[in-house]
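Residue-level structure breakdown
Here are the chains, one letter per residue:
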Amino acid sequence: MWYHKPVIDEELLRSLPNLKIVSSSGVGIDHLDLKLLSRFGVKVSNTPFAVSTDTADFGMALMLASARRLVEGYQMAVSPDTEYFPGNWLGVKVSGATLGIVGMGTIGYKVAQRAKAFEMKILYHNRNQRNKEEESAVGAVYCKKIDDLLQQSDFVMLAVNLTPQTHKLIGKRELELMKPTATLVNISRGLVVDQDALMEALQNKVIRAAALDVTYPEPLPRDHPLLKMKNVIITPHIGSATEDTRRIMMQDMAESIEAALAGLPVPNEVV
């Protein structure tokens, strides 16, 4: 499967009685009905480790671009109407700021490793606390309650899987807990955020800005208000989109398929 296609439903599964495995690109499996696939005896694999480095890099890129108003700056620099660069055109500082990471899995931890180099104070919220050695290596502080993280962070980066528990995890209440100077960065799935609540928070200056690699739907309708906001950066779900990583993802998917057909243990099997 690439870009969640084809759709794996009961009709398709009944038409493929010899199907052994569905090998899906990327980390997220929210597009798959695992119980249905299990009922048909079909294995599932994904490519979680292949995408983690590039996605962490991209999370940092979005945070930096939003903080330093990179897109607006580019537009100003190339505009035929620009006659001078205003001296009071300012962004916000990233180095030394507080980064709250929601979801400290492989991607979230790699974000923390990069943020440490920016001398950021790192908070994180996760289902399970990392061990002390891992926390110490990046200087991360665990927040058992997401509210504590939201209230303290200058940047909040979402790196969780989409599950029933994380569906619209960030809504009106959570956005109102954030600082009015804070930025929300989403590199997970669009549905982790209540998009209407986010739009309202940005319009009313409840938070400063948002940088989104994911939305719902993808792409957004061309008349969607988020596309017109200067304090929003939206990219087309390209967190893992480098030539090297996409090649590795394909190799991982092929290895999983070959293992399943040979009756061997499947690398990266989703259980």
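Calculation rules
- Residues numbered from 1 in each chain as written.
- Predicted model: local features only at pLDDT ≥ 70, side-chain atom pairs only at ≥ 80, totals over all residues.
- Heavy atoms only, no water.
- Helix = DSSP H or I, 4+ residues; strand = E, 2+ residues; numbered from the N terminus.
- Rg over C-alpha atoms; globule rule 2.2 N^0.38 Å.
- Buried < 20%, exposed > 50% of the residue type's maximum accessible area, 1.4 Å probe, protein only.
- Contact = heavy atoms within 4.5 Å.
- Areas by Shrake-Rupley, 256 points an atom, 1.4 Å probe, with all protein chains shown as cover.
- Lys, Arg positive; Asp, Glu negative; His and termini not counted.
- Charge placed at Lys NZ, Arg CZ, Asp CG, Glu CD.
- Expected span 1.5 Å × (residues − 1).
- UniProt positions renumbered as here; feature names shortened; annotations may be inferred.
- Salt bridge = Lys/Arg side-chain N within 4 Å of Asp/Glu carboxyl O.
- Phe/Tyr/Trp six-rings, centres within 6.5 Å; stacked < 30°, edge-to-face > 60°.

Turning our eyes to something else, we now look at the overall build of the protein. Per the secondary structure count, the protein includes 10 helices and 9 strands. For 271 residues, the compact-globule estimate of 2.2 N^0.38 gives 18 Å, and the protein sits close to it at 20 Å. Overall, the C-alpha framework of the protein stretches about 65 × 50 × 35 Å when taken along its three principal axes. Split into buried and exposed, the 271 residues of the protein put 45% on the buried side. Partitioning the contacts of the protein with sequence separation of at least 6, the portion at a separation of at least 24 is 62%. For the protein, the accessible area works out to roughly 14,800 Å², and carbon and sulfur atoms hold 54% of it. In the protein, 30 side chains carry a positive charge and 31 a negative one; their mean positions are 4 Å apart.

To continue, consider helix 10 (residues 243-261). Spanning 19 residues, helix 10 covers 27 Å between terminal C-alpha atoms, matching the ideal 27 Å at 1.5 Å per step. Where helix 10 is buried, its residues meet strand 1 (21-23), strand 2 (43-45) and helix 3 (48-67). In the segment just after helix 10, Gly263 is the residue with positive phi, at about 75 degrees.

The next subject is the UniProt feature "domain: D-isomer specific 2-hydroxyacid dehydrogenase catalytic" (unreviewed entry) in the protein. UniProt records the feature "domain: D-isomer specific 2-hydroxyacid dehydrogenase catalytic" (unreviewed entry) at residues 3-270, using the numbering of this structure. Across residues 3-270 one finds 38% helix and 13% strand; the C-alpha atoms that close the span lie 18 Å apart.

What follows deals with the pattern of salt bridges. Applying the stated criterion across every chain yields a total of 14 salt bridges. The closest approach of N and O atoms between Glu134 and Arg130, which form a salt bridge, is 3.2 Å. Given a relative accessible area of 25%, Glu134 falls into the partly exposed group. Note that Glu176 and Lys172 form a salt bridge whose closest N and O atoms lie 2.7 Å from each other. Residue Glu176 and its partner Lys172 are located together in helix 8 (residues 172-177), separated by 4 residues, close to a single helical turn. One network of salt bridges, with partners in common, ties together Glu10, Arg14 and Arg39.

The next point concerns the packing of aromatic side chains. All chains considered together, the criterion is met by 2 aromatic pairs. Geometrically, the ring pair formed by Trp2 and Tyr3 is edge-to-face, given 6.3 Å between the ring centres and 85 degrees between the ring planes.

A separate point is the UniProt feature "domain: D-isomer specific 2-hydroxyacid dehydrogenase NAD-binding" (unreviewed entry) in the protein. In this structure's numbering, the residues bearing the UniProt feature "domain: D-isomer specific 2-hydroxyacid dehydrogenase NAD-binding" (unreviewed entry) are residues 60-239. As annotated, residues 60-239 comprises 32% helix and 16% strand, and the C-alpha atoms at either end are separated by 10 Å.

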